[in-house]
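# Reading the structure
Letter by letter, the chains look like this.
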Amino acid sequence: MKNLFKTSILLGLLSLASCQDELTQDPIGLTTLEQANTTPTLNTLEKSVSSSYQLLSNRLNILAEWDWGGGLVFQNDYIMQDIASDDMEKKWSSDGDQPWIDEINNFTFTSTNGGPNGLWKYDYEGIKRINAAIELLTKADIETVTGITTARKNQLLGEAYFLRSYYYFSLVTNFGDVPLILAPVKTYQEAFDVAVRADKGLVWDKIKSDLVLAKALLPNSKYSSPTEKWRVSKGAVIALQAKAALYTEKWAEVPALVDELAGLGFSLNANYFDSFSTSKEYTDNEVIFSYDHQSNATPRKGNGICAPLGWGFFAPSTDFLNSFEPNDPRKLYTVDAANQNVNKMLGSLDGANKGNDDAPTNKVYMRYADALLWKAEALNETGNYSGAIAIINQIRARARTTVTALGTIPPVGTLPDRVASTDKATIKAWLISERRAELGFENQRMLDLKRWGIAKAVLTAHGKSFQDKHMLYPIPQSEIDASAGTLTQNPGY
Amino acid sequence: MRKNIIYNIVLLWTILSGSALCAQTVKGVVSDSSGPLPQVNINVKGTAINTVSDFDGNFTINKVDSNAVLIFSYIGYLTKEIPVKGNSFINAILTSDSQKLDEVVVVGYTSQKKASITGAVSSVNMDDLSKTRVADVGQALQGQVAGVFVSANTGAPGDGIKIRIRGEGTLGNNDVLYVVDGVPTRDISFLNQSDVKSMSVLKDAAAGAIYGSRAAGGVVLITTKAGISGKSSFDVDYYSGIHYATNLPKMLNTDQYLMVKDQAWHNTAGNAASAISPYAADRNRTDLANTNWQDELFTTGISKNFQASASGGSEKMQYLISGGYFGQDGIVVENNDKYQRFNFRTNINANLSDRFKVGTNLQLSYAKQDKLSSSGDAPGIIRHALIRPPVLAVYKDINDPTYSASNPYTDLPFYTGPNDGWSKNYEYSSNPIAIVHFTDDKRNTFQTFGNLYGEYAFLSDKSLKFRSNLGVDIQFSHNKNFGENFGDANINDPSNPYYGMGRNNRPNSLNENRGEAMTFTFSNTLNYIKTINEKHTINLLVGSENITSKSSAIGGSRQSFDNTTDPFRYLDYGSTTNIYSSGSASNWSLLSFFASGTYGYANKYFVTSTMRADASSRFGANNKWGYFPSVSGGWVVSKENFMEKVDWISNLKLRASWGQNGNQEIPNNAYQTIVDVTSDPPGVKRYGNEDIKWETTTQTNFGVDLGILKNKLSFTADYFTKKTSDILLTVGLPAVAVGVIDRTFVNAGEVSNKGFEFGLNLQNNDHAFKYNVNANIATLTNRVNKLQTFVKNITDDATHTKTEVGQPISSYYGFQFDGIYQNASEVSSTLFANANGTQPGDIKFKDLNRDGQINADDRTFIGNPIPKVTYGFAFSSSYKNFDFSFLLQGVEGVDRYNDLKQILNYDSRPFNSTTAVLNSWNGEGTSNTTPRLTFNNNGGGNVSSVFVEDASYLRLKNLEIGYTFNTEIAGIKYLRLYASGQNLFTVTKYTGLDPESTSLIDKGTYPQSQSFILGIKVKL
């Protein structure tokens, strides 16, 4: 009996001893931070950079599944820059769907609105991915560890610096002072420490210095890679440099930068719609930077914004439709009101892709016509009025010589040239209306109105209750809460 | 030998005295409401004549005086006296006495006499429980025990249940820990009700503390039936029932629908009053259907339950083998909402010597569910059956060019091919009948659950026992979902590879995965039970437990099956492009040591203390171990001398307890920062928290047990406070720093639950009409006490609920309804800053900050999702051979967000509505509750108290009438027939389909069905 007793106690203890090892288990299929940082692979490097582009895409549900209220189903450019402005309405007919978009439209939103939340999270998710990529790519021994070539490393690093400055550009122009985070956080406590807003001057400085780095690293050609034309090119870097100079009113820097673009081979397309047509992607002359959407790719890479278009989202305001000069072909190329097709967003003229959540239509971010108008604006500000007018007329000429969406030639007298003038205000007014017609539904309008200081006047006239505080969007309340209050709110919210 | 001599003498004496003329032989059967009772002691009153019923409840007593009285007594049952009165056959039906104080209750790792229990432990009345005839034993607990809240997730067969003991303790996993024959598990859906012998619910921390780390959600101990030595027995139990949907909302018919939408169209901005709306125009159409989608969707369901068991044994060995089947085809048309379960069980206990006992209890079960999309949106069949306009037919016209024999269902409203699109007048919805038809989603689980044990008794009086128990829980699951392509084609680009395919499941695909999960629980205990000098009772226990769990899964999928018939729904027959495969695994383990001691003095004073130490693989080195102590005491006041004179009080016991339980239900490796270098994007998936520690629930309980008139009336009351600190919660780190990644686990705050629980039991067996009433009621107050600074509030559902200090967990949050704007001046005076297009007839929300506009700052807490009161009332009775019972059950003080109401009656799209919209505002003074009909926003698109409804209900869960035959039909020893009704009526103000559903946001839920059941119980 005693033996049995002892044996069983012994057995019990043995079983416990063997179990002790199992109380510490390594995660399956995942590595710890230390392992990941010490042994990156070439594949990780490539994916780190390519995945950083995703936040510029219109693929649905990148960050969360159908989180409509949180503004995370797709990135909110169209809502924050077009619907908020006087150009676009939420839907073709008003209804109660997605009331948060109505709040953006009529400026009743608060810090809990999904719009600023989505904008903020898309940008900072992009920055997080970029920071991880930059950390890996700038490791001293990265070439020996992964076997990456110097040329490829430089190209990836150049793309990464550009993307980081692109996301910060979006943040600083929409939110003002924002946390300037330039390296991955290592622990969860650190995430709270870094969530502190930096002066917007510092953010602009970083945008510009990153672009200088990117410019030096990228190849001197229209495309960074002939086989991967979707990648950030030197042209994209230069264009963003010009745009940043414009937004910070360094007028003198803008014209030279825009001229550099011409040197890289960018020019206006003969047909206005070639920048948007799905059939002309990466064969046109004008698009400087776009996100490459593809149907039926694995993993998915399609443009999802065409699905909400199918549900009646994104419609022109009457004011926008009425703002076009007679017979301007750009009106129908932007939006076909009769058939309720937003052609520019669909990349088609016949309603193709509408309702398709996996459409091939690229999302265009920067094109040469836009850059030319920056140059015109800078020239006007620096007193070169004839130069400014010449560019405006160049844009108008292209528009009136474009075969219309109906296949006709615009009648004589369409979009006549602006006459010579030395009145800066007159030319500015021409510029303002030209940008609206040329760049409608391209996420520029609200930023332009704010930049020009006319947002309040224009939107009040449009019947919206725009107040001074609306020059900046509120920091998402969820972020202020998540930071335990280290993030401060913009005034007025 | 000696007995024989006496017997012979008595016999001789009776013959001689001639009294043999009045003496007779009495035969009979002893049973209770669930079947024959073996081992019942039968005594002829005033004599030493005794016998015991055999395993089938049969007994025979010879030479009984025809005027004698027989006394039937059995542990756990009320003693019963029956006069012979010359009858030769006596059918004795005993009533169980759940309050019997010498009843033995299973507690953690040991058992105790009920009298010595000092924690809050409720043993379940299995008679009452067995009347709720449902698939899941846990669901039958509904209404049986005070403080135990049970609710079925949906009414769809096999969809699972939710049980909460004493409220929601945490924001994370609150699930109950079941311990079946000593083996812990989180799910008991594999059990067949008739295999369960007893259930006890450990409600307070003192009772549960011995299960330490996983007991915070409460513990339910289940013992399954075992064989009893004696004659062998064969039992068959069968019932079958039919099920109906009830309480369905009344929807508009085509005529009403077109009228209502015409009105809405005219109330929509831009539509002239004189214009003819498309709806008015369509009233002249002859091709419109008048479909009642609910009639099309719901049908009569069928359930069947069959269980057979054989048991018996000798003193050396007892056995029980049983097999069972439960099947239910739900109340939705076709056979794609089916649940079937097969069980086989073997129980063997063997005494190898008078000290050494071994046994096994092994259960095999196979469950298969045909899973429908039974709740929610995208594409919940219930929701779509309600929102789909009645003008649409179920089937397309055969002349419709898009009609095909294999896909005859209507889809998009009046679809006329890709180029013409569909009619915009009738909102996009899915055809629920098509969804049901094309769903092929099978979930199979094969499970082996059970234990092997050995027990050895030491010491001369065998008071020290060593027990070693190995529990196994092995599950193999196999899910197979074929997504058949159906619906209207809506791609109009011929170059698209999916051109011409229906819009659902494009292209068709098969997803199949197989998983296995193995959990081994090895526990070793040493238990010393001794009574010294009849005064001191001692129960000491020490033990260790070691749980390891490993699970893994593999899966694959293919697309574009050429042939979609059943024989080709295997991966091999899909296209070889876009092949997916997957594989994963996860492991965890737990190591524990525990001890408990109970000391009783003179059956008057009891004190119990327990301690458990747990080490879990889920916590890092800093907090690997958690310690969970408890102490409790009881005082049986009625045993004191000063109570002797109060003879109407048969039992009065005061109880007090304090203890701590833990919760470790977080993912494996939550403490580690994990990185995925191969995914897209590569990088940190989740930041870890090295300091994360056990969530601890500290609970204090005060209770009193009172028995009156020999315990005919007994009463139990408890008051508890339960404080859960260091609640395990995920926090979203500032996206600014980490982007959008998985949330990090932290110990985030404190939640409290407190409440009263009352139980009442009344039984009266003194007359031919015997009855038993078991009533219980419990109150609960849930409150978040504090949250860490970085989790100021938790919006777990981004739009409808919020968790904030001072409020119950996940309270509904939104605008407050304040009537309907009656005229333009009311709009402009209320919304003076920004009317935002509000019209008379729109919903008026309270402008809480009085800034003259309605925006997110005007939201507030608008509802409580946790029931404040739960109650049950079980009544059972018998009169001669008839028995009758019912169970009423309900909850009070709970709200639910009826999102279905929003889309039906308040949406700005032309979905169908309930007839409630016929009373909409239509001019000043017409309604202050229902806004105008319009396709613009009338305020109904906002999350508001309009949709928060009182979901309190009172439900007649079951009602049963039975008849037990007392004749001995050849070969049949016991026969009872019964008829039962389930969910016979429901009293509720809730306008959704089922107030019982567990969804926080009710988007339309498969309702609990009403059913009528006929059953038979036979013993051969």
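Reading guide: rules and limits
- Residues numbered from 1 in each chain as written.
- Chains lettered and ligands numbered in written order.
- Predicted model: local features only at pLDDT ≥ 70, side-chain atom pairs only at ≥ 80, totals over all residues.
- Heavy atoms only, no water.
- Core = buried A, V, L, I, M, F, W, Y, C linked by side-chain atoms within 4.5 Å.
- Buried < 20%, exposed > 50% of the residue type's maximum accessible area, 1.4 Å probe, protein only.
- Helix = DSSP H or I, 4+ residues; strand = E, 2+ residues; numbered from the N terminus.
- Contact = heavy atoms within 4.5 Å.
- Pairing = 2+ DSSP bridges.
- Buried area = accessible area lost by both parts, 1.4 Å probe.
- Salt bridge = Lys/Arg side-chain N within 4 Å of Asp/Glu carboxyl O.
- Nonpolar A, V, L, I, M, F, W, Y, C, P; charged D, E, K, R; others polar.
- Phe/Tyr/Trp six-rings, centres within 6.5 Å; stacked < 30°, edge-to-face > 60°.
- Lys NZ or Arg CZ within 6 Å of the ring centre and 35° of its normal.
- Axes fitted to C-alpha atoms, helices over the stretch in contact; angles between N-to-C directions.
- Parallel < 35°, antiparallel > 145°, perpendicular 65-115°, else oblique.
- Left-handed = near helix turned anticlockwise from the far one by under 90°.
- pLDDT = per-residue confidence, 0-100.
- Patch = residues over 30% accessible without salt bridge, like charges linked within 9 Å, V, L, I, M, F, W, Y side chains within 5 Å.
- Areas by Shrake-Rupley, 256 points an atom, 1.4 Å probe, with all protein chains shown as cover.
- Expected span 1.5 Å × (residues − 1).

On to the nonpolar core, then. One finds Phe162, Phe289, Phe314 and Met366 of chain A to be the most contacted residues of the largest nonpolar core, which totals 157 residues. Here this core gets 13 residues from one element, more than from any other, and that element is helix 8 (residues 150–175) of chain A. If we skip the residues at most four places from it in the chain, phenylalanine 162 of chain A touches Leu211, Ala214, Val232, Ala236, Val237, Leu240, Phe289 and Met366 of chain A. If you look at the next biggest cluster of nonpolar residues, it comprises 42 residues, including Tyr257, Phe298, Ile433 and Phe911 of chain B.

The subject of this paragraph is the sheet that holds strand 51 (residues 948–950) of chain B. All names here are of chain B. The strand order across the open sheet formed by three strands is 51-50-55, and the pairing between neighbours is mixed. Whereas interior strands pair on both sides, the edge strands pair on one side only; in this sheet they are strand 51 and strand 55 (1001–1002). With three bridges joining them, strand 50 (residues 895–898) and strand 51 adopt antiparallel strand pairing. Bridge pairing in strand 51 links tyrosine 897 to valine 948.

A word on the pairing of strand 27 (residues 509–532) of chain B. Residues and elements named next belong to chain B. Across 20 bridges, strand 24 (residues 464–483) lies against strand 27 in antiparallel orientation. Within strand 27, the residue paired with aspartate 473 across the bridge is threonine 519. A loop of three residues connects strand 27 with strand 28 (residues 536–559), the two strands running antiparallel in sequence, and asparagine 533 in this loop sits at a positive phi of about 55°.

All names here are of chain B. Along the polypeptide, lysine 770 turns up in strand 40 (residues 769–779). By relative accessible area, which is 13% here, lysine 770 ends up buried. Once the C-alpha coordinates of lysine 770 and aspartate 883 are considered, the two residues, 113 residues apart in sequence, prove to be 9.1 Å apart. Those residues in contact with lysine 770, other than ones at most four positions away along the chain, are Lys80, Asn764, Asn765, Ser876, Ser877 and Ser878.

Next up on the list: the interface of chain B and chain A. Counting residues at the interface gives 79 residues for chain B, matched by 68 residues for chain A. Both faces combined, the contact of chain B with chain A buries some 6,100 Å², and carbon together with sulfur accounts for 60% of it. On the surface where chain B and chain A come into contact, there are zero salt bridges. Sort the elements by how many residues they give to the side of chain B that touches chain A and strand 29 (residues 580–601) of chain B lands first, with nine residues. Its residues placed into classes, the side of chain B that touches chain A shows 35 nonpolar, 34 polar and 10 charged.

On to the packing of aromatic side chains, then. Inspection of the entire model under this criterion finds 70 aromatic pairs over all chains. Taken together, a centroid distance of 5.1 Å and an interplanar angle of 85° make the contact between tryptophan 120 of chain A and phenylalanine 175 of chain A edge-to-face. A residue pair is termed long-range when its members are at least 10 positions apart, and tryptophan 120 of chain A in helix 6 (residues 114–137) and phenylalanine 175 of chain A in helix 8 qualify at 55 residues. Relative accessible area serves as the criterion here: at 0%, tryptophan 120 of chain A is assigned to the buried category. Here phenylalanine 175 of chain A falls in the buried class, since its relative accessible area comes to 0%. Three or more aromatic residues joined by ring pairs make a cluster, and in this case those are Trp66, Trp68, Phe74, Tyr78, Trp311, Phe313 and Phe314 of chain A. The aromatic ring of phenylalanine 414 of chain B is capped on one face by arginine 285 of chain B, whose charged end is 4.4 Å from the ring centroid. For the cation-ring pair, arginine 896 of chain B lies above tyrosine 990 of chain B, with the distance from its terminal atom to the ring centre recorded as 5.7 Å.

For the bond running from arginine 506 of chain B to proline 507 of chain B, omega is -5°, close enough to zero to count as cis. Residue position: proline 507 of chain B is located in the loop between strand 26 (502–504) and strand 27. At asparagine 296 of chain A, a position not held by glycine, the phi torsion is positive, near 55°. The residue asparagine 296 of chain A is located in the loop between strand 3 (287–291) and helix 13 (306–310) in this model. A relative accessible area of 32% means that asparagine 296 of chain A is categorised as partly exposed. For lysine 63 of chain B, which is not a glycine, the phi torsion comes out positive at approximately 55°. You can call lysine 63 of chain B partly exposed: its relative accessible area is 43%.

This part covers the sheet that holds strand 6 (residues 69–73) of chain B. Residues and elements named next belong to chain B. Spatially, 4-3-6-7 is the arrangement adopted by the four strands of the open sheet, whose pairing is antiparallel. The two strands at the open ends of the sheet, each matched to only one other strand, are strand 4 (50–52) and strand 7 (80–83). Looking at each pair of strands side by side, their axes are set apart by 25° on average, direction ignored. For strand 3 (residues 41–44) and strand 6, the ladder comprises four bridges, and the chain directions are antiparallel. Pairing of asparagine 41 across the sheet is with serine 73, part of strand 6.

The next thing to look at is the pattern of salt bridges. Residues and elements named next belong to chain A. Going through the model one piece at a time under the given rule, you end up with 89 salt bridges over all chains. Measuring nitrogen to oxygen at the nearest pair gives 2.6 Å for the salt bridge that ties glutamate 377 to arginine 451. Highlighted residues: glutamate 377 in helix 17 (residues 368–381) and arginine 451 in helix 20 (residues 445–451), separated in sequence by 74 residues. Summarising the burial analysis for this pair, glutamate 377 and arginine 451 share the class buried.

Time to look at the pairing of strand 29 of chain B. Residues and elements named next belong to chain B. By the bridge criterion, 22 bridges tie strand 28 to strand 29 in an arrangement that is antiparallel. What sits directly across from glutamate 545, in strand 29, is serine 592. Pairing geometry for strand 29 and strand 30 (residues 605–616), over 12 bridges, is antiparallel. Residue pairing across strands places glycine 600 opposite phenylalanine 606, the latter belonging to strand 30.

Each packed pair of helices is defined by two parameters, the angle between the axes and the distance between the axes. Residues and elements named next belong to chain A. Orientation of helix 8 relative to helix 10 (residues 200–217), taken along the N-to-C sense of each, is 155°, at an axis distance of 8 Å. The pairing of helix 8 with helix 10 is recorded here as roughly antiparallel in orientation. Crossing angle aside, the handedness with which helix 8 passes helix 10 is left-handed. In this structure, helix 8 contributes Asn154, Gln155, Leu157, Gly158, Tyr161, Phe162, Arg164, Ser165, Tyr168, Phe169, Val172 and Thr173 to the contact, and helix 10 contributes Lys200, Val203, Trp204, Lys206, Ile207, Asp210, Leu211, Leu213, Ala214 and Leu217. Classifying every residue of the contact of helix 8 with helix 10 gives 13 nonpolar, five polar and four charged.

Okay, the packing of helix 3 (residues 42–53) of chain A against helix 6 of chain A next. Residues and elements named next belong to chain A. It is at 8 Å that the axes of helix 3 and helix 6 come closest, and there the two elements cross at 150°. In terms of orientation, helix 3 lies roughly antiparallel with respect to helix 6. Considering only the axes of helix 3 and helix 6, their crossing is left-handed. For the pair helix 3 and helix 6, the contacting residues are Thr44, Leu45, Ser48, Val49, Ser51 and Ser52 in the first and Arg129, Ile130, Ala133, Leu136 and Leu137 in the second.

Once that is clear, we can look at the side chain of glutamate 996 of chain B. All names here are of chain B. By the element assignment, glutamate 996 lies in the loop between strand 54 (986–988) and strand 55. Residue glutamate 996 is classed as buried on the basis of its relative accessible area of 2%. Leaving out residues up to four positions away in the same chain, glutamate 996 has contacts with Gln142, Ser151, Ala152, Arg896, Tyr953, Arg955, Lys957 and Gln1008.

Per-chain confidence: chain B averages 87 in pLDDT, with 95% of residues scoring 70 or above. Here the complex is predicted with pTM 0.79, and the ipTM for its interfaces comes to 0.84.

This next bit is on a nonpolar patch on the surface. Together, Tyr599, Tyr601, Tyr605, Val607, Val631, Trp635, Phe642, Leu654 and Trp658 of chain B make up an exposed nonpolar region whose accessible area comes to about 780 Å². When contributions to the nonpolar patch are tallied by element, the ones reaching two or more residues are strand 29, strand 30, strand 31 (625–636) and strand 32 (649–663) of chain B.

Turning to helix 18 (residues 385–401) of chain A, a few remarks are in order. Residue and element names in this part refer to chain A. Helix length check: helix 18, at 17 residues, gives a terminal C-alpha distance of 24 Å against a target of 24 Å (1.5 Å per residue), a fit within 8%. Residues of helix 18 that are buried include every one of Gly387, Ala388, Ile389, Ile391, Ile392, Asn393, Ile395, Arg396, Arg398 and Ala399, and no others. In the core, the buried residues of helix 18 are packed alongside helix 15 (329–334), strand 5 (363–367), helix 17 and helix 19 (424–438).

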